[in-house]
Amino acid sequence: MANKERAEKWLRIVTEDMSVAEDLFKTGHWLYVAFMCHQVVEKTLKAYWCISREDDPPFIHDHKRIAEGCGLYTKMDDAQKLFLSTIRQLNIEARYQEYKDEIARHINEERAKQILSSTKDLHEWILQRYSEKMKH
């Protein structure tokens, strides 16, 4: 197994990030729900990377490139690939306020709910692949 301990570390962080996203949803912080979902997907992909390869995941936030690098992208359906391209744009860390404001204009309660739901679905899908890989 490549980096099981590192993968498990990523997954512990993901559990916390998912909890934060759910709490933010309850309090109506739609933009930050989306950002935490971005983090959940990125870190779940990096956990899978750790059990798929000997090297560390790259220090990037490009979900598609991470998924390609660990071999998951070709296994994804079109809806999952589309979601990856959508969620990638929601990285607001260290962004100018104008950028955050622009993104926030497009995220209301319903959109945040969709993002959270799609994040949970993709997270579970990756975890299924993770479990399968751990068995081999």
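None of these values were measured; they are calculated from a predicted model.

Novice: What is the right way to look at helix α2 (residues 30-52) in this model?
Specialist: Residues that lie three or four places apart on an α-helix share one face, since the helix turns once every 3.6 residues. Between the first and last C-alpha of α2 there are 33 Å, a value that for 23 residues agrees with the 33 Å anticipated at 1.5 Å per step. For α2, the tally of buried residues reaches 20 of 23 residues, placing the bulk of the element in the interior.

Novice: Just checking my understanding: could you explain the pattern of salt bridges for this structure?
Specialist: As a working rule, side chains carrying opposite charge can pair if their charged atoms are close by. A complete count under the given rule lists 10 salt bridges for this structure. Glutamate 42 is the salt-bridge partner of lysine 46, the closest N and O atoms lying 3.0 Å from each other. Of this pair, lysine 46 and glutamate 42 both sit in helix α2, 4 residues apart, roughly one helical turn. The exposure classification of lysine 46 matches that of glutamate 42, with both residues buried. Residue glutamate 102 pairs with arginine 105 through a salt bridge whose shortest N-O separation is 2.8 Å.

Novice: I'm lost on the packing of helix α4 (residues 78-88) against helix α6 (residues 109-135) in this one. Help?
Specialist: Describing two packed helices takes the angle between their axes plus the distance from one axis to the other. Here α4 crosses α6 at 125 degrees, and the two axes come no closer than 11 Å. Accordingly, the angle class assigned to the pair α4 and α6 is oblique. Of the two possible hands of crossing, α4 and α6 adopt the one that is left-handed. Of the residues in α6, those in contact with Gln80, Phe83, Leu84, Thr86 and Ile87 of α4 are Arg111, Ile115, Ser118, Thr119, Leu122 and Trp125. By residue class, the composition of the contact of α4 with α6 is 6 nonpolar, 4 polar and 1 charged.

Criteria and thresholds
Residues numbered from 1 in each chain as written. Predicted model: local features only at pLDDT ≥ 70, side-chain atom pairs only at ≥ 80, totals over all residues. Heavy atoms only, no water. Helix = DSSP H or I, 4+ residues; strand = E, 2+ residues; numbered from the N terminus. Expected span 1.5 Å × (residues − 1). Buried < 20%, exposed > 50% of the residue type's maximum accessible area, 1.4 Å probe, protein only. Salt bridge = Lys/Arg side-chain N within 4 Å of Asp/Glu carboxyl O. Axes fitted to C-alpha atoms, helices over the stretch in contact; angles between N-to-C directions. Parallel < 35°, antiparallel > 145°, perpendicular 65-115°, else oblique. Left-handed = near helix turned anticlockwise from the far one by under 90°. Contact = heavy atoms within 4.5 Å. Nonpolar A, V, L, I, M, F, W, Y, C, P; charged D, E, K, R; others polar.

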